[in-house]
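# An overview of the molecular structure
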Amino acid sequence: MASHDESSVSRKKSSDSVDEISTFNAENMQNNAKIISYSRTFMSIIGGVIAGILGFTGLTGFIFYFLVMAIMSVGLAAKAGFSAHPYFDSWNQILLDGFLGGLLSFVLFWTFAYDMVHIF
């Protein structure tokens, strides 16, 4: 009887290890990447408007952009529970995807808001 119990325990352990193998749904991962891209673009626009209203010029504005993107990265990591692998391929997707892509939107809205508030 003891050998039978041990064999059932070993079968149970092997079936548990199969359940622990993580699977990835490509469609969900693409959707998550798209959401990150949209979120970064949105925050770039909002950050640009805020930088323009506050009157940031030159390097100060770019530092503000990188600060906003760093806060956005921490917020996304917190939303993912500081565990990237169930939702993304790697940490680079959370931390760096769309980081420089939003820079053009930031500069556009930064200059627009600055011109509207401080020049006109």
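Please read these numbers as outputs of a predicted model, since none were measured by experiment.

Rules of the game
- Residues numbered from 1 in each chain as written.
- Predicted model: local features only at pLDDT ≥ 70, side-chain atom pairs only at ≥ 80, totals over all residues.
- Heavy atoms only, no water.
- Helix = DSSP H or I, 4+ residues; strand = E, 2+ residues; numbered from the N terminus.
- Buried < 20%, exposed > 50% of the residue type's maximum accessible area, 1.4 Å probe, protein only.
- Contact = heavy atoms within 4.5 Å.
- Areas by Shrake-Rupley, 256 points an atom, 1.4 Å probe, with all protein chains shown as cover.
- Axes fitted to C-alpha atoms, helices over the stretch in contact; angles between N-to-C directions.
- Left-handed = near helix turned anticlockwise from the far one by under 90°.
- Nonpolar A, V, L, I, M, F, W, Y, C, P; charged D, E, K, R; others polar.
- Phe/Tyr/Trp six-rings, centres within 6.5 Å; stacked < 30°, edge-to-face > 60°.
- Parallel < 35°, antiparallel > 145°, perpendicular 65-115°, else oblique.

## Some words on the overall build of the chain
For the chain, the helix and strand inventory stands at 5 helices and 0 strands. Its helices and strands in sequence order give the chain the pattern α-α-α-α-α, from N to C terminus. Expressed as a percentage of the 120 residues in the chain, the buried residues total 23%. A separation of at least 24 residues holds for 79% of the contacts in the chain among residues at least 6 apart in sequence. By element, 66% of the accessible surface of the chain is carried by carbon and sulfur atoms, the whole surface being about 8,300 Å².

## Digging into the packing of helix 2 (residues 26–54) against helix 3 (residues 59–79)
Between two packed helices, both the angle of their axes relative to each other and the distance between the axes serve to describe the pair. Relative to each other, helix 2 and helix 3 sit at 145°, their axes nearing to 10 Å. Where helix 2 crosses over helix 3, the two elements pack in a sense that is right-handed. Between helix 2 and helix 3, the residues in contact are Ile36, Ser39, Arg40, Met43, Ser44, Gly47, Ile50 and Ala51 and Phe64, Tyr65, Val68, Met69, Met72, Ser73 and Leu76, respectively. Considered class by class, the residues forming the contact of helix 2 with helix 3 number 10 nonpolar, 4 polar and 1 charged.

## Observations regarding the packing of aromatic side chains
This model, assessed by the stated rule, comprises 5 aromatic pairs. Consider the rings of Phe62 and Trp110, whose centres lie 5.2 Å apart with planes at 90°: the pair is edge-to-face. Taken as a pair, Phe62 in helix 3 and Trp110 in helix 5 (residues 101–119) lie far apart in primary sequence, 48 residues in all. On the basis of relative accessible area, Phe62 is assigned to the partly exposed category, the value being 30%. With 5.4 Å between their ring centres and 65° between their planes, Tyr65 and Phe66 make a pair best called edge-to-face. Of the aromatic side chains, those joined through ring pairs into one cluster are Phe62, Tyr65, Phe66, Phe106 and Trp110.

## Structural notes on the packing of helix 3 against helix 5
Running from N to C, helix 3 and helix 5 point in directions that differ by 130°, and their axes come no closer than 11 Å. Classed by the angle they form, the pair helix 3 and helix 5 counts as oblique. Note on packing geometry: the crossing formed by helix 3 with helix 5 is right-handed. The residues of helix 5 that touch helix 3, namely those facing Gly61, Phe62, Phe64 and Tyr65, are Gly102, Leu103, Phe106, Val107 and Trp110. Looking at the contact of helix 3 with helix 5 residue by residue, the classes come out as 7 nonpolar, 2 polar and no charged.

Shape is all these values report; function is a separate question.
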